[in-house]
Amino acid sequence: MKYVPDKERMIEEFWDEKVSKIYPWYKERQKDDDLIISATPYFIINPIARRLGIKHVIATDMEINTYKINGIDCASIEKVNRFRKEYPDGEIDEFYSDSYSDMPLAEIAKKAFMIGKHGEITDWDFENKKGQKKSDKLIKAYRKAAYKKAKRELIRKQRILKREEKRANKAK
């Protein structure tokens, strides 16, 4: 997508093809305060949210032209972190996902549901050990990535400070 001249149009065309695959049960259950929380970049998710009338979106903050992620990828435990930051007193009445990697969000919801390959809805299986292991592994990976990113930023700032000190000493 890096060399696509009109990325926004391409994304709209993508959703033109995919919008019909949104399960009919969603429209029946849709509420005014629905929220999409996704690891997908905001610039990809927001167009479908607008089409569906969903006003609230939390997603990965990625530059559309450089694909540089600002902050941490919005996945696993980071979804909970962002939800709590955006809605400190917010509650999740019903949570739907097609992946056990979203276990952290399911755990804070009043009701959680798993969406099957064909759109079938089942209660979230909190005893699913495979799903829990996957979730735990992702949480660990995201914490490690956040630590590494913070460390790189600290080193970068230290280098800037050292350069500024050298310039100040030369100016004396």
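For the structure itself, look to the data block above.
Enquirer: Could you give me a rundown of the sheet that holds strand E5 (residues 121-123), with the residues and numbers involved?
Expert: One open sheet accounts for three strands, arranged E3-E4-E5; its pairing is mixed. Edge positions in the sheet fall to strand E3 (92-97) and E5, since each has one partner strand and no second. Taking the axes of each pair of neighbouring strands and ignoring which way they run, one obtains an average angle of 30° across the sheet. Across five bridges, E3 lies against strand E4 (residues 109-115) in parallel orientation. From the neighbouring strand, Ser 97 faces E4, where its bridge partner is Met 114.

Enquirer: Got a sec to walk through the pattern of salt bridges? Specific residues and values, please.
Expert: Across all of its chains, the model carries nine salt bridges by this definition. For the salt bridge of Asp 16 with Arg 51, the shortest nitrogen-to-oxygen distance reads 2.6 Å. Here the residue Asp 16 occupies a position in helix H1 (residues 7-18), and Arg 51 occupies one in helix H3 (residues 42-52), the gap between them amounting to 35 residues. Taking the relative accessible area as the measure of exposure, Asp 16 reaches 49% and is therefore partly exposed. The class of Arg 51 is partly exposed, set by a relative accessible area of 35%. The partner of Glu 91 in a salt bridge is Lys 110, and the shortest N-O contact between them spans 3.0 Å. Of the two residues, Glu 91 sits in the loop between helix H4 (77-86) and E3 while Lys 110 sits in strand E4, which places them 19 residues apart along the sequence. For Glu 91, a relative accessible area of 59% gives the class exposed. The exposed category is assigned to Lys 110, whose relative accessible area is 54%. A single salt-bridge network, built from bridges that share partners, covers Glu 12, Asp 16, Arg 50 and Arg 51.

Definitions and limits used
Residues numbered from 1 in each chain as written. Predicted model: local features only at pLDDT ≥ 70, side-chain atom pairs only at ≥ 80, totals over all residues. Heavy atoms only, no water. Pairing = 2+ DSSP bridges. Helix = DSSP H or I, 4+ residues; strand = E, 2+ residues; numbered from the N terminus. Axes fitted to C-alpha atoms, helices over the stretch in contact; angles between N-to-C directions. Salt bridge = Lys/Arg side-chain N within 4 Å of Asp/Glu carboxyl O. Buried < 20%, exposed > 50% of the residue type's maximum accessible area, 1.4 Å probe, protein only.

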